[in-house]
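Structure assessment
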Amino acid sequence: MTKKLRAVIIGPGNIGTDLLMKMNRSDWVEPVWMVGIDPASEGLKRAAEMGIKTCATGVDGVLEHVIADDIRVAFDATSAYVHAENSRKLNALGVIMVDLTPAAIGPFCIPSVNLADHAKSKEMNVNMVTCGGQATIPMVAAVSRVQPIDYGEIVAAVSSRSIGPGTRKNIDEFTATTAAAIEKVGGAKRGKAIIIVNPAEPPLLMRDTVHVLTKSAPDHAAIIASVNAMVVEVQKYVPGYKLVNGPVFDGNRVSIYLEVEGLGDFLPKYAGNLDIMTAAALRTAELFAEQADCGAFTLPERG
Amino acid sequence: MSIQGRKITLHEMSLRDGMHAKRHQISISQMIEVAKAADDAGMPWIEVTHGDGLGGASLNYGFAAATDEEYLSAVIPHLKNARVSALLLPGIGTIDMLKRAMDCGIAGVRIATHCTEADCAEQHITFAAKTGLDTVGFLMMAHRASPEKLVEQALLMEGYGANCIYCTDSAGHMLPHDVTDRISAIRAALRPETELGFHGHHNLGMGIANSVAAVTAGANRIDGAIAGLGAGAGNAATELLVAVFERMGVETGIDLFKIMDAAEDLVVPMMDRMIRVDRGSLVLGYAGVYSSFLLFAERAEKRYGIPARDLLLELGRRGMVGGQEDMIEDLALTMSKNA
């Protein structure tokens, strides 16, 4: 048996294609299928050119191949509206679902913070929160693991070119999902998220700011050490993740200023917001694969 | 072109844009007092919200002295004729917050995006228009978009259901001919029944002149703030707008003496500093920077020793947009490391 987990990517758009390019370099996850709904889609053509099996009839079209092709993990880069159905069908065949949509039917997953817990509890569906969440929640958690925080707030600034119509039509879902994950994964008692779209040309790199309020006076040295350690953890899957300034201390306020540069696989480097999603999703599946390989995690039984 | 005989609708900003100049610390009793005076003077619309709109209360922009709901539900019952609007910036405020503001009795909402990002407001404008609220699409930092681009964005907002579009000079950077070009292009493109407004800042001393240019070019709603109480060098002063438009034969329905008394007796004494074109606000206008950045840049100057002027100029060069207040401390830190 090969150690690599075999994967299907649902949604051949920018995210799906970028994910495919990253996955081609992975030691732990092997892309096998790309699923779309439009036979004329550029993304499906690109995937076929890269030697991946393609299917233009949605998730239903790939179900019959799941067992034969030993598909173990699925990445859903479609929309919140169809995700639940996609997940139900694939879970039933023993395929673990990594959700890149805002559907969030499974628990939130921020790899550097809580991925190991999900692998332990054998989650069949994990949600990758939002780009702003992936970039900032590690820092909220870096402070909350030092001392309790009453409030966590993040500001994600993304270039206009890097955010598509789906996000624009669902800005409230972005802020609500991110705020919820700041609480659940970041460990803040109350979370708030702000997103800013900046049209500057040439496009600006993704910038993220994290402000937290600690319950008691912040332990400067411990927080600085924890933040620096967390930056290294995130850089393992997002090399362009950078602490630009901070932590800055002002009373109980702690502020951390970040920048996320993408790898420039399919998406341009300024689109660090998209890159951090695909990198985090892949990292998630890789950990499941590593754990399965060393026997710490048993893949779902095949029925 | 004479504008004599035209009727326009003024919209009072001191209790929303003025929140920036007051670090969002206007008290509930001050809100009530000013709103009642404006109502009594005949002001048809008053905006009451955190300076950054619903949900603006944050570490990034500052927490206000009270919540939006507390302000709205305190002010609205005191008003006889004036209607109250809230501001909402998608990405900061949400439809849930708008619903709570509606429960407090707002009659209108102004949904604001950067001038090139109107499609981020689709869900909010669509929702608001269906509820029957007076729904305004508010295109901020309008100097950063050409008249053609602004027309395209205005049409998007109109298409989502906005019954009024605003060309918003958030940086106080525009000169009268910039206003004329933009307002006349938008007016020509919108449906005749869609209203058109202008929101000015006085950073280059053009608040009144730009408002006159806007009306001349076809705008019928104009924002003003009593005594100019607004971000940067403030908004076009309401009492000045009333006096100037009266001299031009334009009907605002507002009693000049009552509104000038409100300015002198109520609003000026509330000010933490004189609202005028000082060095900082002049730089905002000159460099085309979002007006609410002013106090943040001054605080960063105090803490990090980098002149506010240098910060504001660099923020302008970097193309920062409304809401990116976090980038001021970030820039000050970077500049102080490199100094």
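Note that the structure is a prediction, hence the values are computed from the model and not measured.

Examining the domain arrangement of chain B
Domain boundaries in chain B define domain 1 (9-270) and domain 2 (292-338). Once you take the C-alpha centre of each, domain 1 of chain B and domain 2 of chain B turn out to be 26 Å apart.

Comments concerning the pairing of strand β3 (residues 83-88) of chain B
Residues and elements named next belong to chain B. Among the 6 residues that make up β3, 5 are buried, leaving the element largely enclosed by the rest of the structure. Here strand β2 (residues 45-47) pairs with β3 via 3 bridges, running parallel. Bridge pairing in β3 links W45 to R83. Running through helix α3 (residues 68-75), the crossover from β2 to the neighbouring parallel element β3 is right-handed. In this sheet, strand β4 (residues 108-114) lies alongside β3 in parallel orientation, the contact comprising 4 bridges.

Details of the interface of chain B and chain A
Taken together, the 25 residues of chain B in the interface contact 28 residues of chain A. Looking at the side of chain B that touches chain A, the elements with two or more residues in it are α5 (122-131) and α14 (326-338) of chain B. It is α14 of chain B that provides the largest number of residues to the side of chain B that touches chain A, a total of 6 residues.

Considerations on the sheet that holds strand β3 (residues 53-55) of chain A
All names here are of chain A. Here we have 6 strands laid out as an open sheet, ordered β3-β2-β1-β4-β5-β6, and parallel in their pairing. On the outer flanks of this sheet lie β3 and β6 (125-127), each paired with one strand and no other. If you compare each strand with its neighbour and ignore which way they point, the axes differ by 25° on average. Strand direction decides the pairing type here: strand β5 (residues 96-99) and β6, joined by 3 bridges, are parallel. Residue pairing for β6: M97 is matched across the bridge by N125.

Considering the sheet that holds strand β5 (residues 134-140) of chain B
Pairing within the closed barrel is parallel, and its 8 strands lie in the order β1-β2-β3-β4-β5-β6-β7-β8 (chain B). Here the average twist between neighbouring strands, direction ignored, is 25°.

Notes on unusual backbone geometry
Residue and element names in this part refer to chain A. Look at the link from E201 to P202: it is a cis peptide, with omega at -10°. With respect to the helices and strands, the residue P202 is situated in the loop between β8 (188-198) and β9 (206-214). With an omega dihedral of 0°, the bond running from G246 to P247 counts as a cis peptide bond. Tracing the backbone shows P247 in strand β10 (residues 241-250). Its identity as a non-glycine residue notwithstanding, K122 has a phi of 55°, on the positive side.

Some thoughts on the packing of helix α6 (residues 147-160) of chain B against helix α7 (residues 176-189) of chain B
A pair of packed helices is captured by two measures, namely the crossing angle of their axes and the spacing between those axes. Residues and elements named next belong to chain B. Where α6 contacts α7, the axes come no closer than 9 Å and their chain directions differ by 40°. Relative to α7, α6 is oriented oblique. Helix-helix and strand crossings are classified by hand; for α6 and α7 the assignment is right-handed. Contact residues: P147, L150, V151, A154 and L155 in α6; D181, R182, A185, I186 and A189 in α7. Along the lines of polarity and charge, the residues of the contact of α6 with α7 split into 8 nonpolar, no polar and 2 charged.

Comments concerning the environment of E69 of chain B
Note on placement: E69 of chain B falls in helix α3. When the C-alpha positions of E69 of chain B and I306 of chain B are compared, they lie 37 Å apart, and in sequence the two are 237 residues distant.

Digging into the nonpolar core
One broad rule of soluble globular proteins: the nonpolar side chains tend to lie buried together. With 224 residues, the main nonpolar core has A7 of chain A together with L139 of chain B as its most contacted residues. Per element, the largest residue contribution to this core is 11 residues, and it comes from helix α10 (residues 272-293) of chain A.

Thoughts on the domain arrangement of chain A
Residue and element names in this part refer to chain A. Here chain A is described as being made up of domain 1 (5-128 + 278-293) and domain 2 (131-270). Distance between the C-alpha centres of domain 1 and domain 2: 25 Å. The partner domain 2 presents 20 residues to the 18 residues of domain 1 that form the contact. Here the side of domain 1 that touches domain 2 takes 5 residues from helix α1 (residues 14-23), the largest share from any one element. Of the residues belonging to the side of domain 1 that touches domain 2, the class tally is 10 nonpolar, 5 polar and 3 charged.

Some details on α6 of chain B
All names here are of chain B. Taking 1.5 Å as the rise per residue, α6 with 14 residues should run 20 Å; its terminal C-alpha atoms sit 20 Å apart, in good agreement. Of all the residues in α6, the buried ones are L150, Q153, A154, L156, M157, E158 and Y160. Where α6 is buried, its residues contact α5, β5, β6 (164-168) and α7. Residue G161 follows α6 closely and has a positive phi angle near 125°.

Thresholds, definitions, all that
Residues numbered from 1 in each chain as written. Chains lettered and ligands numbered in written order. Predicted model: local features only at pLDDT ≥ 70, side-chain atom pairs only at ≥ 80, totals over all residues. Domains from an automatic or database assignment. Buried ≥ 20, exposed ≤ 12 C-beta atoms within 10 Å, placed from the backbone. Helix = DSSP H or I, 4+ residues; strand = E, 2+ residues; numbered from the N terminus. Pairing = 2+ DSSP bridges. Right-handed = clockwise from strand over helix to strand, strands pointing away. Contact = placed C-beta atoms within 7 Å. Axes fitted to C-alpha atoms, helices over the stretch in contact; angles between N-to-C directions. Parallel < 35°, antiparallel > 145°, perpendicular 65-115°, else oblique. Left-handed = near helix turned anticlockwise from the far one by under 90°. Nonpolar A, V, L, I, M, F, W, Y, C, P; charged D, E, K, R; others polar. Core = buried A, V, L, I, M, F, W, Y, C linked by C-beta atoms within 7 Å. Expected span 1.5 Å × (residues − 1).

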